[in-house]
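Fold and geometry: a report
One-letter residues, chain by chain:
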Amino acid sequence: VQLVESGGGLVQPGGSLRLSCAASGFTFSRYSMNWYRQAPGKERELVARISSTGSTTYYGDSVKGRFTISRDNAKNTVYLQMNSLKPEDTAVYYCNVRPGGMDYWGKGTLVTVSS
């Protein structure tokens, strides 16, 4: 299993970014996909989840109404559209999948929200 995140960077408060996670090594269309984040000195937290077909999504309270998770099963890719970014969104964002109960993580992509 390989998960490769991209799309992070420096953005001003109120701005937008779109993260991507390219997946390989498993049958992507069979599994829910997750985005987590970890800010300095804090525990890793679940940001968003999307079901295998994309029909069901979940968002953490801190990002509801601002972030949108989506997936393209033909491209084995999951996305996280982040709008109205706040300084407290600054974190390393990780893609996660659990095929067969095993946790797999990407290396993460850094998002910094600062003026």
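First things first, this report covers the structure right here in the doc. (Residues numbered from 1 in each chain as written. Predicted model: local features only at pLDDT ≥ 70, side-chain atom pairs only at ≥ 80, totals over all residues. Heavy atoms only, no water.)

In space, the four strands of this open sheet follow the order 1-3-8-7, with antiparallel pairing throughout. Sheet topology places strand 1 (2-6) and strand 7 (67-72) at the edges, where each strand pairs with a single neighbour. Between one strand axis and the next, the sheet turns by 15° as a mean value, whatever way the strands run. Sheet topology note: the strand 1/strand 3 (residues 17-24) ladder contains five bridges and is antiparallel. Its bridge partner lying in strand 3, Glu5 is registered against Cys21. (Pairing = 2+ DSSP bridges. Helix = DSSP H or I, 4+ residues; strand = E, 2+ residues; numbered from the N terminus. Axes fitted to C-alpha atoms, helices over the stretch in contact; angles between N-to-C directions.)

Now for the side chain of Asp89. One can find Asp89 in the loop between strand 8 (77-82) and strand 9 (91-97). Residue Asp89 is classed as buried on the basis of its relative accessible area, which comes to 1%. A distance of 2.9 Å separates polar atoms of two side chains, one belonging to Asp89 and the other to Arg37. (Buried < 20%, exposed > 50% of the residue type's maximum accessible area, 1.4 Å probe, protein only. Polar contact = N/O pair within 3.5 Å; in protein donor to acceptor, adjacent residues only side chain to side chain.)

Within the secondary structure, Asn96 sits in strand 9. According to the relative accessible area criterion, Asn96 is buried, its value standing at 0%. Only 2.7 Å separates the side chain of Asn96 from the side chain of Asn34, close enough to count as a polar contact. A polar atom in the side chain of Asn96 sits 3.2 Å from the backbone oxygen of Tyr104.

By the secondary structure assignment, Ala22 is in strand 3. As a C-alpha pair, Ala22 and Thr77 span 55 residues in sequence and 4.6 Å in three-dimensional space. Apart from the residues within four sequence positions on either side, Ala22 is in contact with Gln2, Leu3, Val4, Asn76 and Thr77. (Contact = heavy atoms within 4.5 Å.)

Within the structure shown, the criterion is met by one disulfide. Covalently, Cys21 is tied to Cys95 through a disulfide, its sulfur atoms 2.2 Å apart. Because the sign of the S-S torsion sets the handedness, a value of about -85° for the bond joining Cys21 and Cys95 places this disulfide among the left-handed ones. One end of the pair, Cys21, is in strand 3; the other, Cys95, is in strand 9, with 74 residues separating them in the sequence. Summarising the burial analysis for this pair, Cys21 and Cys95 share the class buried. (Disulfide = S-S within 2.5 Å.)

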